[in-house]
Structures are given as C-alpha cells and as structure tokens.
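Per-entry structural report
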Amino acid sequence: MQQLLDTAEKIRTMEIRGAGRIAEAASAALRDYVLSLKVTNIKDFNKKVDEAANILIQTRPTAVSLPNAVQITKHHYSDDVAGAREEIIRNADVFLKQAGEALDKMGKIGAKRIHDGDVIMTHCNSHAALSVISTAFKQGKDISVIATESRPRRQGLLTIRELNDYGIPTTLIVDSAVRYSMKEVDTVIVGADAITINGALVNKIGTSQLAHAAHEARKNVLSVAETFKFSPNTILGDMIDIEERSADEVIDQEILAEMPNVKVKNPAFDITPAEYIDIIITEVGAFPPQMAYTIIKEHLGWELTNIG
Ligand code: RUB
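Notes on the structure in this doc start here. Nothing here was measured: the structure is a model prediction, and the numbers come from that model.

Focus: the pattern of salt bridges
- Scanning the model with the defined rule gives 15 salt bridges in all.
- A salt bridge links K47 to E51; the nearest nitrogen and oxygen atoms lie 3.7 Å apart. Taken together, the residues K47 and E51, both in helix α3 (residues 42-57) and four residues apart, mark about one turn of the helix.
- E51 sits in the partly exposed class, given a relative accessible area of 37%.
- Overlapping salt bridges bring together R60, R153, E243, R245 and E249 as one network.

With respect to a nonpolar patch on the surface
- Together, I255, M259 and V262 line one region of the surface with nonpolar side chains, adding up to about 220 Å² of accessible area.
- Structurally, M259 can be placed in the loop between α10 (253-257) and β8 (269-272).
- The partly exposed category is assigned to M259, whose relative accessible area is 31%.

Describing the packing of aromatic side chains
- With the rule as written, the count across this model stands at one aromatic pair.
- Judged by centre distance (4.9 Å) and plane angle (55 degrees), the ring pair of F95 and F228 falls under tilted. Pair noted here: F95 is in helix α5 (residues 81-111) and F228 is in the loop between β7 (220-224) and α10, with a separation of 133 residues, a long-range link.
- Judged by relative accessible area, which is 4%, F95 ranks as buried.
- Overall, F228 belongs to the buried group, its relative accessible area being 6%.
- A cation over an aromatic ring shows up here: K183 above the ring of Y180, its NZ or CZ 3.8 Å from the ring centre.

The rules behind these values
Residues numbered from 1 in each chain as written. Predicted model: local features only at pLDDT ≥ 70, side-chain atom pairs only at ≥ 80, totals over all residues. Heavy atoms only, no water. Salt bridge = Lys/Arg side-chain N within 4 Å of Asp/Glu carboxyl O. Helix = DSSP H or I, 4+ residues; strand = E, 2+ residues; numbered from the N terminus. Buried < 20%, exposed > 50% of the residue type's maximum accessible area, 1.4 Å probe, protein only. Patch = residues over 30% accessible without salt bridge, like charges linked within 9 Å, V, L, I, M, F, W, Y side chains within 5 Å. Areas by Shrake-Rupley, 256 points an atom, 1.4 Å probe, with all protein chains shown as cover. Phe/Tyr/Trp six-rings, centres within 6.5 Å; stacked < 30°, edge-to-face > 60°. Lys NZ or Arg CZ within 6 Å of the ring centre and 35° of its normal.

Now the structure itself:
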C-alpha cells in the first residue's frame, strides 16, 4: 500500500503530472498493489482494490484520464482472487502498452496537419502535443514553436527544454502575449485533460483564451488526446470538476497576509467550447469534436443504454 500512497502523493503534488502520465502512473500503481495484496477472499480483494482505486482517483479531480485508467485497470470478471489479480495485471500491462503506442500514432496522424514553414503555438506541457510537433520535425518539416510560459506552475519551461533537445527553434512567451503573437502562428496544438460529450476541451488554464484568439485570427486549433481522455460521465450530465489549487502557487503567503481584502483564485484548468476546436487527434484518427459520443461509445464501451 505504501507504494500506491507514494504514487498518489506524487500525483497530488504534481511530481507526476500531465493527464497521460497521471493515467499511466495510476494504472501501474494499481497493478503493483494487487501483486502485493495478501487476501484470499474475493470480496475482501475487491473491497481493497476499490479503496486503492479511490485513493488514486481523488488525487486530482480534472484529468478524466485518471478515473478512466483506474476503471480500465481494475475491471475484472473473476470470482476468485488469483483470477482477478491476473486480469488486473493484464489490464494494466495492456493499458500501458496502448498508451505508449497511442503517443506514436497521434504523432503520425497529427503531423499530417503540419506543413513546411509552419509556426506552431502550444500551451503548458503536453506529451501528446509534443509527439505531434516532434514527429513533424523528424519528418524534416521546417517548423518553429511559440510556447507559453503557463503560469503559475510554468510547465512551459518543461516544454521549451524538450523542444530545445529536439533541436526545434522555439520562442518562449508569457501567457498574456498569446493574442499579440497570434499573427505569426499557423496552427495551435494543445493537449487535453478531458473532452466532454459536447466536444468541449478541458485543458490547462489559458487554453480557452488561446483558442479564442486563434479562432478570431482564423488559425487552426488542434487538440491531441488519447481516447481515454474522453469523459463517459458527461453523458450522464456530470460536469468536469475544475481543480482549484493553492494560492501560494500564485503569490507568497506572507505578502498575501498583508492584504486582508485580497483573495486569490487559482483554477488549474479551463473549458474551450467545441466551436473553437478544428480537430481532435486521437490514436484512432482525427475527429471533429462533435464526434465525442462516438469515441466514448466505441472506445470506452459506454452507451446511452448504460444509464439506469
Ligand atoms: C497539464 C495539462 C496538459 C494535459 C495533457 O496540466 O494541462 O496539457 O494534461 O498532457 P498539469 P499530456 O501540469 O496541471 O497536470 O498530453 O501529457 O497528457
């Protein structure tokens, strides 16, 4: 259990971050937990697995990849412990393999949307978006990237380091320079923490203003999202919970304490409506956001008939 708690803590404190990485870490943690679980009764086993799953799911509320990965991993049909354990281990191994392959597939599909000479703007630090950008670059396309800083956690600094290591010419801008810089941009490429049933994109705070500025300037907006980032629960009418993080990510607590009339709001994500997104690149193809239901139904096994 301690290992699983350590992983949960790393996700909570963002040592492990990004929707894809969170999902992979949770799936692996659950697999390792059942490997070490010493119970003989299937009821006790299922109870323990559910408890562990809930600990992982509660670490961060927005990235739907996390509950999806946990559900996919823990789902089993066995009525004995050995069989259940085996299924869960297999589920995790398959999930982790497919998640790795998805990055490559999305890279190849998305790279077709990038042309020689393109200037790409990206936000935060998305491995999925970077897979598309680096694939296009490796194909020999002459591209450059404008990367936002992504306050307050400055994940943009991770992005520029990765882009630099690829050898891709990159410009770092502050988040408020997005609209000013949009005239130089051909395509915006971002990741996703969740895609809702109506095709809205939930991603790092600031994504919606970036997409809005791109829409205004008639520039393309691509979101790169594995199918496990689509949210089945939004079919049931659920909303995506937007994580509010601590004020000290934004301002020093001591300075804030000097100003009793001031409070800080620090939402970590925002919602971009489908109308601002041209295409969502998944590992099974490039889809308009309006096809979210089909993806959820065909790739996450959810249908409207599941309700009830
Ligand atoms: C990360 C973020 C990323 C998505 C997609 O937020 O918003 O754009 O998670 O990432 P945080 P990936 O840093 O708060 O986790 O493509 O790597 O899954």
